[in-house]
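Spelled out from the first residue to the last, the chains are:
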Amino acid sequence: MTIKPCPCGKTPAEIAVYDLNQGGKWAAAVPDCCGEWMIEFRTNYLNAESDECKQLALDAWNDAPRNPALKAEMYDYIRTLNPRQFTDLWTRNVSGEGAFDELLLKMMGKK
Ligand SMILES: [Zn+2]
């Protein structure tokens, strides 16, 4: 099963389970990319080391909302670009100036 990207922009290679010391009821799904983002999830009292619990962590991570309001705003903004502006943005991304979303957010004045 694939792991969805982190809001930091990287795609984690692994999602670890951290017991939150709440009697085993809740744990955190923690990606190995940045340490800035984690998703809390219900463990159903599974052992944090078990494969079932790791699967729950992965599901929680992949199902987490990734700021859909901002995504919609970005999509709306992209649609207002003319082909030349869009090509410029795309070219800057491909030439390694930054992640597409980062460059777009800068253009939108959100970064
Ligand atoms: Zn990250």
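Conventions and cut-offs
- Residues numbered from 1 in each chain as written.
- Predicted model: local features only at pLDDT ≥ 70, side-chain atom pairs only at ≥ 80, totals over all residues.
- Helix = DSSP H or I, 4+ residues; strand = E, 2+ residues; numbered from the N terminus.
- Rg over C-alpha atoms; globule rule 2.2 N^0.38 Å.
- Buried ≥ 20, exposed ≤ 12 C-beta atoms within 10 Å, placed from the backbone.
- Contact = placed C-beta atoms within 7 Å.
- Core = buried A, V, L, I, M, F, W, Y, C linked by C-beta atoms within 7 Å.
- Domains from an automatic or database assignment.
- Axes fitted to C-alpha atoms, helices over the stretch in contact; angles between N-to-C directions.
- Parallel < 35°, antiparallel > 145°, perpendicular 65-115°, else oblique.
- Left-handed = near helix turned anticlockwise from the far one by under 90°.
- Nonpolar A, V, L, I, M, F, W, Y, C, P; charged D, E, K, R; others polar.

Trainee: In this structure, what is going on with the overall build of the protein? I would like to understand it.
Mentor: For the protein, the helix and strand inventory stands at 4 helices and 3 strands. Of the regular secondary structure in the protein, the N- to C-terminal order runs β-β-β-α-α-α-α. At 18 Å, the protein has a C-alpha radius of gyration far larger than the 13 Å of a compact globule built from 111 residues. Seen through its C-alpha atoms, the protein measures out along the principal axes to roughly 55 × 25 × 25 Å. Every one of the 111 residues in the protein was classed for burial, and the buried ones make up 13%. For the protein, the proportion of contacts with a sequence separation of at least 24, taken over those separated by at least 6, is 36%.

Trainee: Sorry, what's going on with unusual backbone geometry here?
Mentor: Peptide bonds are trans in most cases, and residues, glycine excluded, mostly fall at negative phi. In this structure, N44 takes a positive phi of about 55° despite not being glycine. Along the chain, N44 turns up in the loop between β3 (39-42) and α1 (51-63).

Trainee: Is there a simple way to explain the nonpolar core in this structure?
Mentor: For soluble globular proteins, nonpolar side chains are generally found buried alongside one another. The biggest cluster of nonpolar side chains holds 11 residues, and these are I15, V17, A27, A29, M38, F41, C53, L56, A57, A60 and W61. Counting residues per element, the ones that place at least two in this core are β1 (15-19), β2 (26-31) and α1. At 5 residues, α1 tops the list of elements feeding residues into this core. Residues contacting W61, with those up to four places away along its chain left out, are I3, K4, I15, A29, P31 and I39.

Trainee: Just checking my understanding: could you explain the domain arrangement of the protein for this structure?
Mentor: You'll often see interface size given as the accessible area lost when the parts meet. Split into domains, the protein comes out as domain 1 (15-63) and domain 2 (68-107). Just the C-alpha atoms count here: the centres of domain 1 and domain 2 sit 33 Å apart.

Trainee: Looking at this model, I keep getting lost on the packing of helix α3 (residues 83-94) against helix α4 (residues 100-107). Mind explaining?
Mentor: The relative placement of two packed helices is expressed as an angle between their axes plus a distance between the axes. The geometry of α3 relative to α4 is characterised by a closest axis approach of 9 Å and an angle of 135° between their N-to-C directions. On the basis of their axis angle, the class for α3 and α4 is oblique. Crossing of α3 over α4 shows right-handed handedness. On α4, the residues that touch L89, R92 and N93 of α3 are F100, L103, L104 and M107. Residue classes in the contact of α3 with α4 are distributed as 5 nonpolar, 1 polar and 1 charged.

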